[in-house]
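Spelled out, the chains give:
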2 protein chains.
Amino acid sequence: MRNDKQRVTIRTVADAVGVSTATVSRVFSGQGGAGEDVTQRIFRVASELGYRGNSIARSLRSQRTDTVGLLVPNLLNPFFPALIQAIEVRLQAGGLGLLLADSQGSVGVEAQRIRALLDRRVDSLIISPVDQVESRTAIQEALRSVTVVQVDRQAGNDAAYVGVNHRQSVELALNHMRQLGRTRFAFAGYDAGVSTSEERLRWFLELTKDIDPGASTRILRETVGDADEVPHEWLDRHADGMDAVVTTSDLIAVSMQMALRERGYSVPEDVAIVGFDNTRLAAVAQITSIQQPLDDLAEAVAAKVEGTRLELPTDGFPCTLVIRHSTAGSSADR
Amino acid sequence: MRNDKQRVTIRTVADAVGVSTATVSRVFSGQGGAGEDVTQRIFRVASELGYRGNSIARSLRSQRTDTVGLLVPNLLNPFFPALIQAIEVRLQAGGLGLLLADSQGSVGVEAQRIRALLDRRVDSLIISPVDQVESRTAIQEALRSVTVVQVDRQAGNDAAYVGVNHRQSVELALNHMRQLGRTRFAFAGYDAGVSTSEERLRWFLELTKDIDPGASTRILRETVGDADEVPHEWLDRHADGMDAVVTTSDLIAVSMQMALRERGYSVPEDVAIVGFDNTRLAAVAQITSIQQPLDDLAEAVAAKVEGTRLELPTDGFPCTLVIRHSTAGSSADR
DNA sequence: CTGAAAGCGCTAACAG
DNA sequence: CTGTTAGCGCTTTCAG
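1. Brief notes about the pairing of strand 3 (residues 124–127) of chain A
All names here are of chain A.
So, step 1. Because side chains alternate across strand 3, one face comprises the buried residues Ser 124 and Ile 126, and the other comprises Leu 125 and Ile 127, equally buried.
So, step 2. Across 4 bridges, strand 1 (residues 67–72) lies against strand 3 in parallel orientation. When the bridges of strand 3 are listed, Leu 71 appears paired with Ile 127.
So, step 3. Once you follow strand 3 into helix 7 (residues 136–143) and on to strand 4 (residues 147–151), the crossover reads as right-handed.

As structure tokens, then:
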């Protein structure tokens, strides 16, 4: 398993062509470093020898690794793999490598992983913080040595942030259901400390305040078990009084749909439900869901990482709505 | 965003303590390189200065990066994030970093990513090949310079392989449904070229040969669309003649369940269904599913990567069955 | 247009 | 127990 092929370094190539390593280096860096014929010979010999360059040596010299760290709170939430995929594609296109780490929903693990990533000398760190408050110090610390970009979630600090327009996303769900005649709204899937969850709840309250004063009493704050089961007690109290549910994830949306149906309510006739992130779960369970513009987010993240200027929408990227059976809406949507 | 904190190198520490860099290096490598008091001073000063070592320089010297590349065929298949998570945890525990890449289901992208990973000088490559045949050459090529471990899928080459016992996994599903009195089996989710899919189909045929000769005619080879929709035509032909379906993924299992219910069949009464990978999809849709021992796989992969000897089951790791409503089985299972 | 020389930060002989 | 020296492979002044 050791490297059989004997190392072919820049010196091997230089010697074979009969020039200095400096010349070979210039040629490969593209900065028109040598004469026409020499350049050709170098390229030919290098490819014959299978010279690939040594990125470690280059990094030591240049103090750059062309590698970024990506730290997500939980790989098991299908939104993150989807986001990672978009970012990975964009980064690879720019010649950047992706060191992945998972915080496992723990601020402690998160701090530890940040350390590990910095020790590996990543050029920048892309992070979706576990907690809006408790993740702050670790991130501020990282900010002292690398570029940090927060994506999806944020932790109120000096690092850049790339995310969607939370107000618009909630509005999308609300308006869609209002057009269907729904008037009594509920909110499910609040997760304390998760910035996106806090934002969505905040806008839900703000936007329903005038149209449905009772909405603020129909908030589901806690779920149970793996599949985010909806507590019976909550349904006892609210199922009759609501006809539309806004959620923070497809998982909770599906659970809500199942729980309601088990109790004899029909979805969407009695209660309409909108999920979030448009994962496979939503497709399979026929749940209307809010889709984040993953490629736009990835592009923005990449721009920050690469130090490129890129005009971002001030309030975040707009989402779109994918309409399915759980709202049975057929009306067009923006 | 540049590194504000001025670099503190091993020389900084050495000078502050008044010893040579070699001594500091020895102390940090643990190889009892210095006297009691000197060792203490070095540790104290180093931590005061916030010395973290430079992994790039170390790598250049040692010809190791303590980083492994992980190449998966598709991040959107929820099995892979789950596997990645298990591997990430195990690798981090061993001080190894994880460079992630996604083949996007394409052999071409896969070959390209392997290149990129090797150029970054990963110590080893963990890969789940896109295609059982077409991935071969790229992997063989990689094998010439690093340790390669195939996981889940394989591509018939000289690289190590870590995976489950395919025969046992199919048996698990079949036996469970036989105990429930089912006799007419079908197989759904065959994906040509994917080694795991080929293996499962092979064992399905082998194991049903004697108990249900008709099984070999009830193979669903092609699906349509995002949610792996089951073709009407296939259902027309087989729905009446089967009472148990073995699948290769939870997604196809859920789709099968929906398609059957839409046609008025009941699951599990008329047809029992077993999914694969026990993802959230299975939990939510109440599908009985086969669970792979992810931690065992991760452990085995890590052992190969770290060069540790570890006794592996000859035919692969055994899976377990998580019983839910789609088979409504209550009988105990091994 | 090209070469010589220095050095990124660390570790591994080899002395003493 | 500790220091000196050399060098991993590359890039980058600085000369010529």
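2. Points about the nonpolar core
So, step 1. The biggest cluster of nonpolar side chains holds 100 residues, and the ones touching the most others in it are A:Ile84, A:Ile126, A:Phe204, B:Ile84, B:Ile126 and B:Phe204.
So, step 2. In contact with B:Ile126, other than residues within four places in its own chain, are B:Val68, B:Gly69, B:Leu70, B:Leu71, B:Ile87, B:Leu91, B:Val149, B:Val151, B:Val301 and B:Val305.

3. Some remarks on the protein's contact with DNA strand D
So, step 1. DNA strand D sits among 26 residues. The nearest are A:Ile10, A:Tyr51, A:Arg61, B:Arg26 and B:Gly35.
So, step 2. Protein-adjacent atoms of DNA strand D, using a 4 Å cutoff, are sugar or phosphate at a proportion of 62%.
So, step 3. The separation between a phosphate oxygen of DNA strand D and a polar side-chain atom of A:Ser25 is 2.8 Å.
So, step 4. Take A:Tyr51: an N or O atom from its side chain is 2.6 Å from a phosphate oxygen of DNA strand D.
So, step 5. The set of elements that each furnish at least two residues to the surface near DNA strand D consists of helix 2 (21–29) and helix 4 (55–62) of chain A together with helix 2 (21–29) and helix 4 (55–62) of chain B.
So, step 6. Counted by class, the surface near DNA strand D contains 9 nonpolar, 11 polar and 6 charged residues.

4. Quick look at the sheet that holds strand 7 (residues 219–220) of chain B
All names here are of chain B.
So, step 1. Ordered by their spatial adjacency, 6 strands build an open sheet running 7-6-8-9-10-11, and the pairing between neighbours is mixed. Looking at the sheet topology across the chains shown, the edges are occupied by strand 7 and strand 11 (320–322).
So, step 2. Pairing of strand 6 (residues 185–188) with strand 7, which is carried by 2 bridges, proceeds in the parallel orientation. Paired with Phe 187 across the two strands is Ile 219, which belongs to strand 7.
So, step 3. Across the sheet, helix 11 (residues 250–262) is in contact with strand 6, strand 7, strand 8 (244–247), strand 9 (272–276) and strand 10 (288–291); its angle to strand 9 comes to roughly 155°.

5. Digging into the pattern of salt bridges
So, step 1. This model, assessed by the stated rule, comprises 28 salt bridges over all chains.
So, step 2. Taking the shortest distance from any N to any O, the salt bridge between A:Arg237 and A:Glu233 comes out at 2.6 Å. Taken together, the residues span about one helical turn, with A:Arg237 and A:Glu233 both in helix 10 (residues 232–238) at a distance of 4 residues.
So, step 3. For A:Arg237, a relative accessible area of 53% puts it in the exposed group.
So, step 4. Across the pair B:Arg167 and B:Glu171 runs a salt bridge, and its minimum N-O distance is 3.3 Å. Taken as a pair, B:Arg167 and B:Glu171 lie in helix 8 (residues 166–179) at a separation of 4 residues, close to a single helical turn.
So, step 5. According to the relative accessible area criterion, B:Arg167 is partly exposed, its value standing at 36%.
So, step 6. Within this structure, A:Arg90, A:Glu299 and A:Glu306 form a network of salt bridges that share partners.

Definitions and cut-offs
Residues numbered from 1 in each chain as written. Chains lettered and ligands numbered in written order. Predicted model: local features only at pLDDT ≥ 70, side-chain atom pairs only at ≥ 80, totals over all residues. Heavy atoms only, no water. Buried < 20%, exposed > 50% of the residue type's maximum accessible area, 1.4 Å probe, protein only. Helix = DSSP H or I, 4+ residues; strand = E, 2+ residues; numbered from the N terminus. Pairing = 2+ DSSP bridges. Right-handed = clockwise from strand over helix to strand, strands pointing away. Core = buried A, V, L, I, M, F, W, Y, C linked by side-chain atoms within 4.5 Å. Contact = heavy atoms within 4.5 Å. Near = heavy atom within 4 Å. Polar contact = N/O pair within 3.5 Å; in protein donor to acceptor, adjacent residues only side chain to side chain. Nonpolar A, V, L, I, M, F, W, Y, C, P; charged D, E, K, R; others polar. Axes fitted to C-alpha atoms, helices over the stretch in contact; angles between N-to-C directions. Salt bridge = Lys/Arg side-chain N within 4 Å of Asp/Glu carboxyl O.

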